[in-house]
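Residues per chain are reported as follows:
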Amino acid sequence: MADISVGLNCPACGGAVSVVEGESTLLCPYCSSTLFIEGDQGVTTMAFKNRVNRESALKASRLWWSRGWKARDLKRVGRTTEVYPIYLPFWRAMTRVAGWICGYEIRRHTDSKGRVHEQKVPKEVMILNDYRFSEIATDPGDLGIRSLRNFAGETSFADFDMIPTFEATTSKDDALARARSDAQSRARSSAKVSRVTMERLHVLTRRLSMVYYPIWVVRYTYRDRMYMTTVDGVTGQVLSGRAPGDPLFQSLAITAGTSVGGLAAALGIIMSGIAAELMIVGLLAGGVILYITYRFFRHGSEIVEGEFKHKPASVSQTIKELQSAARTLQEAYR
Amino acid sequence: MASIKCPKCAAPVAFDAGTKFIKCSYCDSQIYIDRSGAGFYYGVPFVIDETNAMGLFRRWAAGPKKAKDLDKRAQVASVQKQYFPVYMLRRDVNGKEQVFFEPAGSTTLPGLHALKVPAGDLKIFDASFDTGGAELIKPDIEMVSYVDSLPGKPKEQALVFFPIWRLSYVFEQKRYDVVVDASAGEVFSAVFPTRSSAAYILVAVFGFLAFAFEGLLALDSMALALVLMMLTVIGVFAASFTVARRL
């Protein structure tokens, strides 16, 4: 069997050298020869210092209980059972996108005689932007955290031995590939060219590092059920959480949704005498309002905030679904 | 904590699962840990105890998709504390690092054959590792059978023991299985009693149509429409409150 421990020596003078993970060149301290390190390429690792204590994590999570459409008796009935910090690993990539996007935009305008003119406006946009990307380097399980929101803070490995550390288990090259495609699509949308004829973009990776970020997990019970929130260990803000909902808010939502939506639809039908399009607008607006409130009515018995795998009750998730439905409709229409 | 022999002075050097480089505390030489040739055993400690696992199950069972009051009506028939083995294979495929996860034990348990990446604090699994009385499921699928079929060169291969609570519960004379991940608290389940959306849809559609109709009626007689609207508000609220609480 091969030895799993490998001693590191300078090949020129034989002196022992120290290598830090992520470095690719090294100066031998004895003979000053410059050495190039070959082999399994590592990444620079850093850890943020935990600045939040137990009390403030608790306070943040209790404050979160009283915000939004959560159960009204949560503050009275909810009991915190566990509060503990963990270190979660994240890939952090800095990329620069450079290049050109050329294309045109069509502008329509109506002149005084009511004729519609179409004008092709050529566009040429230079892109030189830096992007930051982060992604959790393990399966987040049920913590509801996928990416970093805060990149500033004191770095230190001082708490590293005291706090349980979740190990990085995803591939660094996969993370880098996602960082690059994310940067490219963000650069493309920042150019705002509606019809692209030519695109030449280069994504340059400036740095990939591994960041260990402190997160406080607060577990609490509500009527024998266990819920949790996570608190950012640097900024002290609540990152994600699950909480019981309240049937009162669910029924208020659907009452408001049916009344406003129904009346919007009726208004559309009444106004259809003026212009036929208004009926469609009214019915569509009514339908969308009804759908959003229905989703909350149906799934609002549990309030979920953060980047969880499934969270049907959130407004942003519903809007995303509506957008994709509208897109398929549009394509079918074409 | 596990240890290796320093290649210079042969002193034992303790190291943890995530480390690549380590300094010998006796002779101060830097050591690189090469994991490509050997197989490692890792274990993830139990973070969630039995009461918390039950609480997580109850929260999951109270979710909007599950049968109403499943959290109260489900009778937990058995609870098992287990370590489930998963292979973690880190490989170099054409210069790119890829990580593969494969189950090491044959199982029909929900979530475990699709369990991608065990999230947790990996510890070296040796004689000093505290399993906390959990039943260790023996790996009955050999690593070789996976390694031979995977592309690339090996960088690290490990057998990870992943902590789970295996619950089975009875609801309306039927038995269901649930697995609670005892590290990050995820609940896995393949089949569960579901809740019908019919009553919810009925209330929403009825309310919408009633208000649309009353809106049109307001053109002819405002007073009558307003009275009807008031009644509908009360009706929809009462119906939806009952549905949200009981169905």
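Residues numbered from 1 in each chain as written. Chains lettered and ligands numbered in written order. Predicted model: local features only at pLDDT ≥ 70, side-chain atom pairs only at ≥ 80, totals over all residues.

> So what exactly am I meant to see when it comes to the pairing of strand β6 (residues 116–136) of chain A here?
A regular strand carries its side chains on alternate faces of the sheet. Taken together, the 21 bridges between strand β5 (residues 79–110) of chain A and β6(A) define a ladder with antiparallel strand orientation. Bridge pairing in β6(A) links A:Trp100 to A:Met126. (Pairing = 2+ DSSP bridges. Helix = DSSP H or I, 4+ residues; strand = E, 2+ residues; numbered from the N terminus.)

> How should I be thinking about the domain arrangement of chain B in this particular structure?
Interfaces are often sized by the accessible area lost when the parts come together. By the assigned domains, chain B splits into domain 1 (2–33), domain 2 (40–188) and domain 3 (198–246). Domain 1 of chain B and domain 2 of chain B are separated by 31 Å when their C-alpha centres are compared. (Domains from an automatic or database assignment.)

> Just checking my understanding: could you explain the interface of chain B and chain A for this structure?
Counting residues at the interface gives 64 residues for chain B and 61 residues for chain A. Secondary structure elements with two or more residues in the side of chain B that touches chain A: β1 (2–5), β4 (30–33), α1 (50–61), β7 (96–103), α4 (198–217) and α5 (222–246) of chain B. Here the side of chain B that touches chain A gets 10 residues from one element, more than from any other, and that element is α4(B). In terms of residue class, the side of chain B that touches chain A is built from 33 nonpolar, 15 polar and 16 charged. (Contact = placed C-beta atoms within 7 Å. Nonpolar A, V, L, I, M, F, W, Y, C, P; charged D, E, K, R; others polar.)

> Which parts of the structure should I look at to understand the domain arrangement of chain A?
Residue and element names in this part refer to chain A. Taken domain by domain, chain A comprises domain 1 (7–42), domain 2 (46–243) and domain 3 (246–334). Placing a centre on the C-alpha atoms of domain 2 and another on those of domain 3 gives a separation of 27 Å. Taken together, the 13 residues of domain 2 in the interface contact 10 residues of domain 3.

> Looking at this model, I keep getting lost on the environment of B:Ala10. Mind explaining?
Following the sequence through the fold, B:Ala10 ends up in the loop between β1 and β2 (12–15). When the C-alpha positions of B:Ala10 and B:Tyr26 are compared, they lie 9.4 Å apart, and in sequence the two are 16 residues distant.

> Can you walk me through the environment of B:Ala74 in this structure?
Residue and element names in this part refer to chain B. With respect to the helices and strands, Ala74 occurs in the loop between α2 (70–73) and β6 (75–93). In sequence terms Ala74 and Tyr176 are 102 residues apart; their C-alpha atoms lie 9.6 Å from each other. Excluding its chain neighbours within four sequence positions, the residues that come into contact with Ala74 are Ala61, Tyr169 and Phe171.

> Whenever I open this one, α1(B) confuses me. Can you help?
In an α-helix, one turn spans 3.6 residues; hence positions three or four apart end up facing the same way. Residues and elements named next belong to chain B. End to end, α1 covers 16 Å across 12 residues, agreeing with the expected 16 Å (1.5 Å per residue, within 8%). Within α1, 9 of the 12 residues are buried, leaving the element largely enclosed by the surrounding structure. Within α1 the residues assigned to the buried category are Asn52, Ala53, Gly55, Leu56, Phe57, Arg58, Arg59, Trp60 and Ala61. (Expected span 1.5 Å × (residues − 1). Buried ≥ 20, exposed ≤ 12 C-beta atoms within 10 Å, placed from the backbone.)

> Looking at this structure, I do not really get unusual backbone geometry. What am I missing?
Where the residue is not glycine, phi is negative for most of them; where a peptide bond is considered, it is trans in most cases. In the Ramachandran plot, A:Ser32 falls in the positive-phi region, its phi being about 60 degrees despite a non-glycine side chain. In this fold, A:Ser32 is placed in the loop between β2 (25–27) and β3 (34–36). A tally of 10 C-beta atoms within 10 Å means that A:Ser32 is categorised as exposed. Phi at B:Gln173 is positive, roughly 65 degrees, even though this residue is not glycine. Assignment of secondary structure puts B:Gln173 in the loop between β10 (153–171) and β11 (174–181).

> Sorry, what's going on with the nonpolar core here?
One recurring pattern in soluble globular proteins is that nonpolar side chains are buried together. Core analysis: the biggest nonpolar cluster contains 90 residues, and A:Leu88, A:Tyr213, B:Phe57, B:Val160 and B:Val180 have the highest contact counts within it. Here the element with the most residues in this core is strand β7 (residues 195–222) of chain A; it accounts for 11 residues. Setting aside its immediate chain neighbours within four residues, A:Leu88 contacts A:Ile136, A:Ile145, A:Phe166, A:Tyr213 and A:Ile215. If you look at the next biggest cluster of nonpolar residues, it comprises 24 residues, including A:Ala253, A:Leu263, A:Ala265 and B:Val236. (Core = buried A, V, L, I, M, F, W, Y, C linked by C-beta atoms within 7 Å.)

> Any chance you could explain the packing of α4(B) against α5(B) here in plain terms?
Residue and element names in this part refer to chain B. At a minimum axis distance of 10 Å, the contact between α4 and α5 shows a crossing angle of 175 degrees. Comparing the axis directions of α4 and α5 gives the class roughly antiparallel. Contacts from Ala199, Tyr200, Val203, Gly207, Ala210, Phe211, Glu214 and Leu217 of α4 reach α5 at Leu224, Ala225, Leu228, Met229, Thr232, Val236, Ala239, Ser240 and Val243. Classifying every residue of the contact of α4 with α5 gives 13 nonpolar, 3 polar and 1 charged. (Axes fitted to C-alpha atoms, helices over the stretch in contact; angles between N-to-C directions. Parallel < 35°, antiparallel > 145°, perpendicular 65-115°, else oblique.)

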